[in-house]
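# Overview (structure and organization)
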Amino acid sequence: MTHPPKSSAAPPPPTGVPTMPAVPPQPSGPSASAASAAYGAPAHNGGASRPVPPVPAEPRRTAFAEGVDRLRAAATTEPGRLRIIGAVLALLVVAFGAVTAWQTADRRTAADDVLHNSQPLSSAAADIYRSLADANTAASSGFLAGGQETPASRDRYEKDIDAAAEGLVQAAANSDPDSPAAATVAELNRLLPEYKGLVERARTYNRQGFPVGGAYLRYANEKMQQEMLPAAEDLYKKENQRLSADYSDATPYPWAAIGLGVLALAGLAWAQHRNYRRTNRVLNHGLVAATATTTVVLLWLVVGHTVARAALDDSYDHGVRSLNVLHDARIASLKARGSENLTLVARGAETVEVDGETFDAYDYDFGQEMNTLGRGLALAENLADDKAGEQPVTSAVGNMAEWKKRHAAARDEDENGDYQAALDRVIGAEGATGECFDSVDANLAKALTHEKAEFAQAAGDGLDAMTGMTVGAAVLAVLGAAGAVLGIGRRLSEYR
Amino acid sequence: MRWRMRGRGLRTGLKGWGGVGAMAVVCALALTFALLLPLFPSGGDGSTGTGGPGLAHGVQARAEGGCTTPEMEAAPEKQTLPPSSADGATIEKIKSRPGEKRKLIVGVDQNSYRWGYRDPNSGEDAVLEGFDIDLVHRIAKDILGDPDAVQFKAIPTDQRIPAIQDGRVDMVVRTMTINCKRLADVAFSAPYFKTGQQVLAPKSSTISGYDDSLAGQRICSAKGSTANAKLVDDQKAGDLVSSAKLKPTVPNQLDCLVRLQLGEADAVVTDGALAASQAAQDPTVELKGEPFTTEYYGVAMKKDADDLVRRVNQVLVDYRKDTANGWQASYDRWLSATLDEDSSTSEPPASPEYLRKS
């Protein structure tokens, strides 16, 4: 392993230095020979006669290195040091102001989106779902009635379709053209007229007394259940994701700004302490002003953000969560109503087997959906934080209990083979389950209105707490930086 | 310089190990394949073995189960029990249903115009009516003494046999063709109607019947219907042009008319009786060509409900004899407009044979 060093010693010296007198200079030799040896080697090497600099040429220096050198040079004198300190302090304060302005602007935009954009869109998507499902239920109820549909059910259907179309226009206007939400909206926009066409054909044939009208309605129902409602649910989920994303953009603490603020304050404190040590003067007006403005901005930032955050969290906990739970409950009640109707339309045609027992498929779905509704209402009752929010939910719970009771009676009639009596108990005028469903729906609508107001109030408070922060931070930071520069400048002037 | 040498040694070492490692990987892969390969072909063989020919065997075996001799196969509608008015276990059970539930539970259709349907303009809300429904009322009157002692259940085409087997209904009166395959699963009454498969298409269509004009066309049929089974079998046997597409399949024959009108299908194949009902609802479609099969409708019941089968056969005998309120009156009321003034082509055999032994 020691070969390389050895071998490197062994080979003869490079051809450049072959002349005997050159190595080593003999003390006995004439001085001329020593002189010739000293100049001989370069002459041999390149044959050039120009003088060689004593040190090898330095590589080109970077601006940074030069700056460092200059700083180092400056740091050796007190005025130089003061200049550096002044520059660093001003920079820190300005950076603090800039980052604060940037981070608060971001959060304010997100909070504004929560209040004015994503939450309304999420609610709008839930309304689209509701309108579509309700339209479908109204259409199938009309068919169930056997004869021609009543003006009431027709009105309801038309109103729902209009509401859905309006909601889709709004959703389309508020979604980015290439977003997945926009694709879903386009899909729904394509399906809605198709669905409406099928229902219209069903009506026409129904008027002529042909059962093919019922077949059209089944086809329309299939389209709604298998394509449109899943798409609407998807849209609702996407809008909710956007809402959550906006919340998580609006609420995190602006750590970068806070860190820079603390650093700026520490720098200012250190500079004043140094000043005191060197001059025994306690106060430097400029630096004190800089410290004051920086402190104000930092406090404003922390307190303002904390307040805004608390309000936004409140709007989420008491607004959005309640709204989501209520929307889900409303959707569950709609689905349950749809299943209840289909139980009678299908007349026992479809069954499901659960744990070895056979159930009517639609009645089984009805039970499942009522359970979801029950859970949703219980949760909404828990989440409601005041009397006004709790009251409609409590009423809805009562409506639901009555609904279940009437539904059981209707099922008994149907099981006994009295289809007409069962039908009367479901879509009849008085004492039918339809009344209960309508009451549940109306109470949930009331609760939703209340929670929407609560949400808007809390989120608005949060937004207000952020008001002016961006501009204020920027202006104060500039003032602070100016103060720091002036303060240091005053000390500097003592050296002139 | 020491580290450099060691580095070189390490690198050559690595090279060596790389070779060994590569070989190890190859070996492991080979072993994996060796272990897994037998699984794949055996799985594939298994599925084709049981799914392909096996299934065909199954169908054949079941067909044989329903009809054991060529004579039976030629006339499955004769495989029923002689009529009798005696009550047996099944009828006793129906009669002993308590209170409100003392009803005959019957699977019917509510989408077959003039057979079993709800007329939105009839004034009464949810009353089912039609040729099949008349027969149901007659059976209920005979067994329970009340023509309205019936609980109707609407059954999709492919649910008729499961509904009987699961006991969800006592019987199915729903334009159901008697055939060997079904005889293996349920018992049939004597035939009460004669029909045959027919093609329905728009009047403007080039389709001329059950022939090569169906090439490349989409043919709609109901899932679980005799029409669908016939189409699949014929295409397999080469009797139906192979480019005809047997889609869509729908829950009910009437859904085919919807598909036809929406341009999602080019033709419908269903029983002539039902095809006529469809044509009656849309003046732009018509029956194309003659019926290409001969089929009989029967009342389907549970396989072991012998007393009920005999009783229904007795009802049918009386129903045919009753000229005032029986078969003929029902035909005239519901079907003469859509089928033919003359009911002779639809009449079941005047003196049905009862050849079922077991």
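Keep in mind that what you see is a predicted model, and the values were worked out from it rather than measured.

What counts, and where the lines are drawn
- Residues numbered from 1 in each chain as written.
- Chains lettered and ligands numbered in written order.
- Predicted model: local features only at pLDDT ≥ 70, side-chain atom pairs only at ≥ 80, totals over all residues.
- Heavy atoms only, no water.
- Contact = heavy atoms within 4.5 Å.
- Buried area = accessible area lost by both parts, 1.4 Å probe.
- Salt bridge = Lys/Arg side-chain N within 4 Å of Asp/Glu carboxyl O.
- pLDDT = per-residue confidence, 0-100.
- Pairing = 2+ DSSP bridges.
- Helix = DSSP H or I, 4+ residues; strand = E, 2+ residues; numbered from the N terminus.
- Patch = residues over 30% accessible without salt bridge, like charges linked within 9 Å, V, L, I, M, F, W, Y side chains within 5 Å.
- Areas by Shrake-Rupley, 256 points an atom, 1.4 Å probe, with all protein chains shown as cover.
- Lys, Arg positive; Asp, Glu negative; His and termini not counted.
- Charge placed at Lys NZ, Arg CZ, Asp CG, Glu CD.
- Disulfide = S-S within 2.5 Å.
- Buried < 20%, exposed > 50% of the residue type's maximum accessible area, 1.4 Å probe, protein only.
- Domains from an automatic or database assignment.
- Axes fitted to C-alpha atoms, helices over the stretch in contact; angles between N-to-C directions.
- Parallel < 35°, antiparallel > 145°, perpendicular 65-115°, else oblique.
- Left-handed = near helix turned anticlockwise from the far one by under 90°.
- Nonpolar A, V, L, I, M, F, W, Y, C, P; charged D, E, K, R; others polar.

Of the residues lining the interface, 37 residues belong to chain B; the matching set on chain A comes to 37 residues. A buried area of about 3200 Å², summed over both sides, lies between chain B and chain A, and 48% of it is on carbon and sulfur atoms. Three residues stand out in chain B for area buried against chain A, namely R118(B), P120(B) and Q281(B), and they jointly supply 18% of the buried area on that side. Between chain B and chain A we count one salt bridge in total. The partner of D255(B) in a salt bridge is R218(A), and the shortest N-O contact between them spans 2.8 Å.

This part covers the confidence of the model for chain A. Across chain A, the average pLDDT comes to 85, with 87% of residues at 70 or higher. Considering only residues more than four positions removed or in separate chains, one finds that residues 1-48 of chain A, a stretch of pLDDT under 50, has eight contacts.

Sheets are built from strands that pair by backbone hydrogen bonding, the pairs being arranged parallel or antiparallel. All names here are of chain B. Spatially, five strands are ordered 5-1-6-15-7 in an open sheet, and the strand pairing comes out mixed. What marks the edges here is a single partner per strand, and that holds for strand 5 (150-154) and strand 7 (187-188). Summarising the sheet, strand 1 (residues 104-108) and strand 5 pair through five bridges and their orientation is parallel. Its bridge partner being in strand 5, V106 is matched across the sheet by F152.

Residues and elements named next belong to chain A. A surface patch of like charges, here negative, comprises D313, D314, D317, D385, D461 and D464. Looking at the negative patch, the elements that each hand over two or more residues are helix 9 (285-346) and helix 13 (433-465). If one sorts the elements of the negative patch by residue count, helix 9 sits on top with three residues. Within the fold, D317 resides in helix 9.

The next point concerns the state of the cysteines. Residue and element names in this part refer to chain B. For the coordinates displayed, the defined rule picks out two disulfides over all chains. Here C67 engages in a disulfide with C180; their sulfurs sit 1.9 Å apart. Its torsion about the S-S bond being -100°, the disulfide of C67 and C180 is classed as left-handed. With a gap of 113 residues between them, C67 in the loop between helix 3 (53-66) and helix 4 (70-74) and C180 in helix 8 (residues 180-183) connect regions that are remote in the sequence. For C67, a relative accessible area of 1% gives the class buried. The residue that forms a disulfide with C220 is C256, at a sulfur-sulfur distance of 2.1 Å.

Residues and elements named next belong to chain A. The tally for this structure, following the rule as stated, stands at 47 salt bridges over all chains. Here K196 ties to E158 by a salt bridge, and the two come within 3.8 Å at their closest N and O atoms. Note that K196 is positioned in helix 6 (residues 180-208) and E158 in helix 5 (residues 151-173), a separation of 38 residues in sequence. On the basis of relative accessible area, K196 is assigned to the partly exposed category, the value being 25%. For E158, a relative accessible area of 22% puts it in the partly exposed group. R406 serves as the salt-bridge partner of E435, at 3.0 Å between the closest nitrogen and oxygen. Of this pair, E435 sits in helix 13 while R406 sits in helix 11 (residues 387-415); the two residues are 29 residues apart in sequence, bridging distant segments of the chain. When salt bridges with common partners are traced through the structure, they connect E78, R81, R274, R278, R281, R491 and E494 into a single cluster.

Another aspect to go through is the sheet that holds strand 2 (residues 111-112) of chain B. Residues and elements named next belong to chain B. Read from one edge of the open sheet, three strands run 2-3-4, paired in antiparallel fashion. What marks the edges here is a single partner per strand, and that holds for strand 2 and strand 4 (128-129). Looking at chain direction, strand 3 (residues 116-118) and strand 4 are connected through two bridges and run antiparallel. By the bridge assignment for strand 4, R118 is matched with L128.

Okay, the domain arrangement of chain B next. Residues and elements named next belong to chain B. Along its sequence, chain B is organised into domain 1 (59-194 + 295-335) and domain 2 (197-288). Inter-centroid distance (C-alpha atoms) of domain 1 to domain 2 is 26 Å. If you look at the interface, domain 1 gives 18 residues, while domain 2 gives 16 residues. Roughly 1200 Å² is buried in total at the junction of domain 1 and domain 2, and carbon and sulfur atoms are behind 49% of that figure. The largest share of the area that domain 1 buries against domain 2 comes from N111, Y113 and T157, three residues that together contribute 38% of it. In this structure, the connection of domain 1 to domain 2 is made through zero salt bridges.

On to the confidence of the model for chain B, then. Scored by pLDDT, chain B has a mean of 84; 81% of the residues are at 70 or more. Among the prediction metrics, the complex's ipTM stands at 0.75, with pTM recorded as 0.75.

What follows covers the packing of helix 4 (residues 78-144) of chain A against helix 7 (residues 212-250) of chain A. Residues and elements named next belong to chain A. Orientation of helix 4 relative to helix 7, taken along the N-to-C sense of each, is 165°, at an axis distance of 9 Å. In terms of orientation, helix 4 and helix 7 fall into the roughly antiparallel class. Judged by the sense of rotation from one axis to the other, the crossing of helix 4 with helix 7 is left-handed. For the contact of helix 4 with helix 7, the residue count by class is 22 nonpolar, 10 polar and seven charged.

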